[in-house]
2 protein chains.
Amino acid sequence: MSKNLTKRAEDYSKWYNELVVKADLAENSGVRGCMVIKPYGYAIWEKMQRELDRMFKETGHSNAYFPLFVPKSMFEAEEKNAEGFAKECAIVTHYRLKTDDNNKGKLIVDPNAKLEEELIVRPTSEAIIWSTYKNWVQSYRDLPLLINQWANVVRWEMRTRLFLRTAEFLWQEGHTAHATRVEALEETEKMMNVYADFVQNFMAIPVIKGVKSANERFAGAEETYCIEALMQDGKALQAGTSHFLGQNFAKAFDVKFANKEGKQEHVWGTSWGVSTRLMGALVMTHSDDNGLVLPPNLAPIQVVVVPIFRNETQLEEISNAINPLLDSLKATGISVKFDTRDTLSPGFKFNEYELKGVPVRIAIGPKDLENGTLEIARRDNLTKEVVAQEAAFEYIQSLLLTIQNDLFARALEYRNNHITKVENFEEFKDVLETKTGFVSAHWDGTPETEEKIKELTKATIRCIPLDREEEQGICVFSGKPSAGRVLFAKAY
Amino acid sequence: MSKNLTKRAEDYSKWYNELVVKADLAENSGVRGCMVIKPYGYAIWEKMQRELDRMFKETGHSNAYFPLFVPKSMFEAEEKNAEGFAKECAIVTHYRLKTDDNNKGKLIVDPNAKLEEELIVRPTSEAIIWSTYKNWVQSYRDLPLLINQWANVVRWEMRTRLFLRTAEFLWQEGHTAHATRVEALEETEKMMNVYADFVQNFMAIPVIKGVKSANERFAGAEETYCIEALMQDGKALQAGTSHFLGQNFAKAFDVKFANKEGKQEHVWGTSWGVSTRLMGALVMTHSDDNGLVLPPNLAPIQVVVVPIFRNETQLEEISNAINPLLDSLKATGISVKFDTRDTLSPGFKFNEYELKGVPVRIAIGPKDLENGTLEIARRDNLTKEVVAQEAAFEYIQSLLLTIQNDLFARALEYRNNHITKVENFEEFKDVLETKTGFVSAHWDGTPETEEKIKELTKATIRCIPLDREEEQGICVFSGKPSAGRVLFAKAY
């Protein structure tokens, strides 16, 4: 197959859009801003889900399911002060279609089926969940509530891009309630760490842990923890957030408990989520001009075998030689595909699996049968090696681990090379325009300065890193004192 | 804990509603007709999902995800003749909320944010999926498409009941496309069989396989296969359906392929689904006046240990005695809970786990420590046995299998005792009113007769059993000739 993929250096954005479609991850649907996640893309998402779900359960969380719709009045309760509120969201106003009396082939919304109260398709579920928690919490014995939901949410985005920004997307949202501030803060940090472990160890994407500035914080949160990743084009991508909600939602929805002394207190909350956006981060961290590059942990097919044969007898000989190896690999949980299609050339197949990012490709032909060898190719660095068949089992097992580690190491090196300390605003602008990446700069701590920098450069504060050094300095923009550096970047 | 559960004989419907809430399966939400699936209920649903998903993949299907919204025009394409169409569904007409200028604390729908075309929240996804398949299918090489989706759907039901009929519910929907009629029919039957295996072997609910009469068939289908179960109150419940769509959707959405001879043909389709409704079937098949009864395959907690102790030393001794057993059980994948709470009495805990349907309960106290014994109680038949600690591991393993099998056998016996052959309409009505269950009767094959019987008795044809005997007879209602018996029942 011919890939016809735009080169990253030519047009990164176009490369991304093409690759997501050509590699069968997702495509735009006939519904504005909504995507179809295709089976190959969904298989990757399922692997993410399974691992995250395991990690959530290991940290004591249970799944549950709350309604898709949020009555408008619950939104009002959430917004203590609705003034200035503008929310792009999908609003259900009616509950019946009927035949158009003037045009029998057409359907119209039945004007007699108007809802008394409009329903909002959830953009996030704090309102509906906290209105439920009110009934679940009476005493300190009912706490903590440690609940997660896998769900679809809708935000009426005007400009959408597959995985990165879509009107509907899939995510998980954790919502927990605690008896004390300290416990809720611990939970918030714990889940940020779960996300960081997952994204780094499973997706091979290095992240920086930090907290958001007030400008970038979730509206209902007292503190937003985040993990920030860097894409190949030097733009940052927020890979997950974990919010410390204080008692905000407990107060908005009147969720109180009797403490051990029998006194009524508001509970403390957290919420945390990651979404199908991570699919975009995956593509933009590892892939190249030949197509997807998948870390073995996430690859639906980890090893593909392309037989090189001219007739059925040869294919049979190859099958006999390779099947014991494939069976051994499968037995250890490695997913294997043996592509015996006889209507496509090996070259076509090589291209196809390169495009789809299969980590390890085995080619085997008549010469290999004579020599007892296999050709084993790595997708990540496009190298090949001839390996003795008898050594292949251990070779492949170890190769998959190596690829997983190498992908992380490479991304980490790139990321670390793209954190640039600057001391003044000229350097700041220069780095953003030439080198790109994270700019590590002193900032005076005010939303006004952040806002002005954003206007001038499109860069925002991605995070105040948790591990930043104590360092007195002066703000690159205002010249006012600063207690430490923060990371700015243009971001997805 | 006191259960205060209505007795089934008093008011079956009330018993069901109370039990679903008290056993922490689900509850009504603040959103009309929508439920909250609570963690304990969701854990059961997850077990169902995992097993079904495994079965779908084993039969060659992949998961994917399609948009939540269906543009109105796609519905029109689906309905060749929209006349008479009336659909209760949630309709999105606007995409923005804003502050009410006349009342700053309130939000209103922004009248300037009206959608050009209304979006329907999917009641099912044939329309959106077939409009996508149009682009995925060009040649016979692209077929079959074997795709499943786990999703939420919305149908604006007026009268709702937890799990059985809710405005929003969770389900899976398979949508497949094939080159030939025969292959699509085979798929339809295969998936009915997958459902039957799952519901019988995993949920311990016996089902009858059959096809629907024209009245009860899915609108877009040429044939609807179904599995029908019988609840304890003698009402039937449709546990799953598998539709043979013929070329209906392919024609509505112009989905064609080039066959091996290069000729364009419409593809053949199927769709099949089961939903959170199965949770209702689970409750109404096995549970009793003391609460839930769960088959071991579906129980989030399979074995619970209630220690009987007066002080910490006793608890520690009990822990030391029981922990090796629990570790061995866990190692074989059995889920175990050791309830060491010291604020609740053993009696309270017994009641709680009875209510929640935990299949096996172990009680262990100081006497047992002396004697090296345990008391092992079965939830399903409320029997207890004293077992030597050293024999407990094998005893419990085998007991879980026994309970699973016994539950099925008991439900099967009940179901078989509630299939009654009748020869005339007096008997027909009498069985429905006194004995209840399935009525096996001759029917003349016309929708008119079925409709009249429904008006008079509220019973509908649940299915034409696949394994029915060839038997000439006369219709119990019209006296016209019949080629075989069908099963009537009142149904959920």
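Data block above holds the structure.
For the structure given in this document, a descriptive report is provided here. (Residues numbered from 1 in each chain as written. Chains lettered and ligands numbered in written order. Predicted model: local features only at pLDDT ≥ 70, side-chain atom pairs only at ≥ 80, totals over all residues. Heavy atoms only, no water.)

### What about the overall build of chain A?
Right, on to step 1. The helix and strand tally for chain A stands at 13 helices and 26 strands.
Right, on to step 2. With respect to the principal axes defined by its C-alpha atoms, chain A has extents near 80 × 70 × 55 Å.
Right, on to step 3. Within chain A, buried positions represent 58% of all 492 residues.
Right, on to step 4. Taking all contacts inside chain A whose residues are at least 6 apart in sequence as the whole, residues at least 24 apart take part in 68%. (Helix = DSSP H or I, 4+ residues; strand = E, 2+ residues; numbered from the N terminus. Buried < 20%, exposed > 50% of the residue type's maximum accessible area, 1.4 Å probe, protein only. Contact = heavy atoms within 4.5 Å.)

### Some points on the interface of chain B and chain A
Right, on to step 1. Contact with chain B, which involves 68 residues of that partner, is made by 68 residues of chain A.
Right, on to step 2. For the chain B and chain A pair, buried surface summed over both sides reaches about 5700 Å², with 64% attributable to carbon and sulfur atoms.
Right, on to step 3. On the chain B side of the contact with chain A, Tyr65, Leu97 and Leu107 of chain B bury the most area, a combined 13% of that side's loss.
Right, on to step 4. Summed over the shared surface of chain B and chain A, the number is 6 salt bridges.
Right, on to step 5. Between Arg96 of chain A and Glu88 of chain B there is a salt bridge, and its shortest N-O distance comes to 3.0 Å.
Right, on to step 6. There are 30 residue pairs in polar contact (both at pLDDT 80 or more) connecting chain B and chain A.
Right, on to step 7. The leading source of residues in the side of chain B that touches chain A is strand β5 (residues 86-100) of chain B, at 14 residues.
Right, on to step 8. The residue makeup of the side of chain B that touches chain A, split by class, is 39 nonpolar, 11 polar and 18 charged. (Buried area = accessible area lost by both parts, 1.4 Å probe. Salt bridge = Lys/Arg side-chain N within 4 Å of Asp/Glu carboxyl O. Polar contact = N/O pair within 3.5 Å; in protein donor to acceptor, adjacent residues only side chain to side chain. Nonpolar A, V, L, I, M, F, W, Y, C, P; charged D, E, K, R; others polar.)

### Observations concerning helix α7 (residues 277-286) of chain B
Right, on to step 1. Of all 10 residues that make up α7 of chain B, 10 are buried, and the element is covered over most of its length.
Right, on to step 2. Residues of α7 of chain B that are buried include every one of Arg277, Leu278, Met279, Gly280, Ala281, Leu282, Val283, Met284, Thr285 and His286 of chain B, and no others.

### Observations regarding the relation of the copies chain B and chain A
Two chain copies here: they are related by a rotation about an axis and a translation along the same axis.
Right, on to step 1. When chain B is fitted onto chain A, the two copies agree to an RMSD of 0.0 Å after a turn of 180° and an axial shift of 0.0 Å. The transformation relating the two chain copies, once decomposed into turn and shift, fits a two-fold axis. Among all residues of chain B, the one whose C-alpha sits closest to the rotation axis is Val92 of chain B, at a distance of 2.1 Å.
Right, on to step 2. In this assembly, 100% of the residues forming the interface of chain B have copies in chain A that are likewise at the interface, indicating an isologous arrangement. (Least-squares fit on C-alpha atoms with pLDDT ≥ 70 in both.)

### So, the sheet that holds strand β12 (residues 236-246) of chain A
Residues and elements named next belong to chain A.
Right, on to step 1. Spatial strand order, β3-β8-β9-β15-β12-β11-β10-β23-β26-β22-β21: 11 strands in an open sheet with mixed pairing. The strands lining the two open edges of the sheet, one partner per strand, are β3 (62-63) and β21 (419-421).
Right, on to step 2. When strand β11 (residues 223-230) meets β12, the two strands line up antiparallel, connected through 8 bridges. Paired with Ala229 across the two strands is Leu237, which belongs to β12.
Right, on to step 3. In this fold helix α7 (residues 277-286) packs onto β11, β12 and β15 (268-275), with an angle of close to 145° to the strand it touches most, β12.
Right, on to step 4. Lying over the sheet, helix α11 (residues 392-417) contacts β10 (208-211), β11, β21 and β22 (438-442), oriented at roughly 20° with respect to β21. (Pairing = 2+ DSSP bridges. Axes fitted to C-alpha atoms, helices over the stretch in contact; angles between N-to-C directions.)

### What to know about the side chain of Asn63 of chain B
Right, on to step 1. Note that Asn63 of chain B resides in strand β3 (residues 62-63).
Right, on to step 2. On the basis of relative accessibility, which here comes to 4%, the residue Asn63 of chain B falls in the buried class.
Right, on to step 3. A distance of 2.7 Å separates polar atoms of two side chains, one belonging to Asn63 of chain B and the other to Glu46 of chain A.
Right, on to step 4. At 2.8 Å, the side chain of Asn63 of chain B forms a polar contact with the side chain of Asp53 of chain B.
Right, on to step 5. The contacts of Asn63 of chain B, once residues within four sequence positions are left out, are Pro39, Tyr42 and Glu46 of chain A together with Asp53, Lys57, Asn148 and Trp150 of chain B.

### A word on the pairing of β15 of chain A
The side chains of a regular strand alternate between both faces of the sheet.
All names here are of chain A.
Right, on to step 1. Burial of β15 is extensive: 8 of the 8 residues sit out of reach of the surface.
Right, on to step 2. Covered by surrounding structure in β15 are Trp268, Thr270, Trp272 and Val274 together with Gly269, Ser271, Gly273 and Ser275, the residues of both alternating faces.
Right, on to step 3. Bridge count for strand β9 (residues 168-178) against β15 is 8 bridges, and the pairing is antiparallel. Within β15, the residue paired with His175 across the bridge is Ser271.
Right, on to step 4. Here β12 pairs with β15 via 5 bridges, running antiparallel. Opposite Thr241, over in β15, you have Gly273 as the bridge partner.

### Here's the deal with the pattern of salt bridges
Right, on to step 1. Enumeration according to the criterion identifies 62 salt bridges over all chains in this entry.
Right, on to step 2. Here Lys72 of chain A ties to Glu118 of chain A by a salt bridge, and the two come within 3.7 Å at their closest N and O atoms. Here Glu118 of chain A lies in strand β7 (residues 114-121) and Lys72 of chain A lies in helix α3 (residues 72-78), a separation of 46 residues in the sequence. Across the pair, Glu118 of chain A and Lys72 of chain A agree in class, each one buried.
Right, on to step 3. In this structure, Arg217 of chain B and Glu223 of chain B form a salt bridge, with 4.0 Å as the shortest nitrogen-oxygen distance.
Right, on to step 4. Residue classification places Arg217 of chain B among the partly exposed residues on the basis of a relative accessible area of 28%.
Right, on to step 5. The structure contains a network of salt bridges with shared partners spanning Asp24, Glu27, Lys38 and Lys356 of chain A.

### Comments concerning α11 of chain A
Right, on to step 1. In this model, α11 of chain A (26 residues) spans 36 Å end to end at C-alpha, consistent with the 38 Å of a helix rising 1.5 Å per residue.
Right, on to step 2. Listed in full, the buried residues belonging to α11 of chain A are Ala392, Ile396, Leu399, Leu400, Ile403, Gln404, Leu407, Ala411 and Arg415 of chain A. (Expected span 1.5 Å × (residues − 1).)

### Thoughts on the packing of aromatic side chains
Right, on to step 1. By the definition in use, this model includes 38 aromatic pairs over all chains.
Right, on to step 2. Between Trp156 of chain A and Tyr95 of chain B, the ring centres sit 6.1 Å apart and the planes meet at 20°, which makes this aromatic pair stacked. With Trp156 of chain A in the loop between β8 (145-154) and β9 and Tyr95 of chain B in strand β5, this residue pair bridges two chains.
Right, on to step 3. For Trp156 of chain A, a relative accessible area of 4% puts it in the buried group. (Phe/Tyr/Trp six-rings, centres within 6.5 Å; stacked < 30°, edge-to-face > 60°.)

### As for the pairing of strand β12 (residues 236-246) of chain B
Right, on to step 1. Burial within β12 of chain B is extensive, with 10 of its 11 residues counted as buried.
Right, on to step 2. Adjacent in sequence and paired antiparallel, strand β11 (residues 223-230) of chain B and β12 of chain B are bridged by 5 residues, among which Gly234 of chain B carries a positive phi angle near 85°.

### So, the environment of Ala236 of chain B
All names here are of chain B.
Right, on to step 1. On the secondary structure map, Ala236 appears in strand β12.
Right, on to step 2. Between the C-alpha atom of Ala236 and that of Lys256, which follows or precedes it by 20 residues, the distance is 39 Å.
Right, on to step 3. Other than its neighbours up to four places away in sequence, Ala236 contacts Glu228, Ala229, Leu230, Phe438, Arg462, Ala489, Lys490, Ala491 and Tyr492.

### Some points on the nonpolar core
The nonpolar side chains of a soluble globular protein tend to be buried with one another.
Right, on to step 1. One finds Phe69 of chain A together with Phe69 of chain B to be the most contacted residues of the largest nonpolar core, which totals 92 residues.
Right, on to step 2. Ignoring any residue separated from it by four or fewer positions in sequence, one finds Phe69 of chain B in contact with Val31, Cys34, Ala90, Val121, Val154 and Trp156 of chain A together with Val92, Leu119, Ile120, Val121 and Ile128 of chain B. (Core = buried A, V, L, I, M, F, W, Y, C linked by side-chain atoms within 4.5 Å.)

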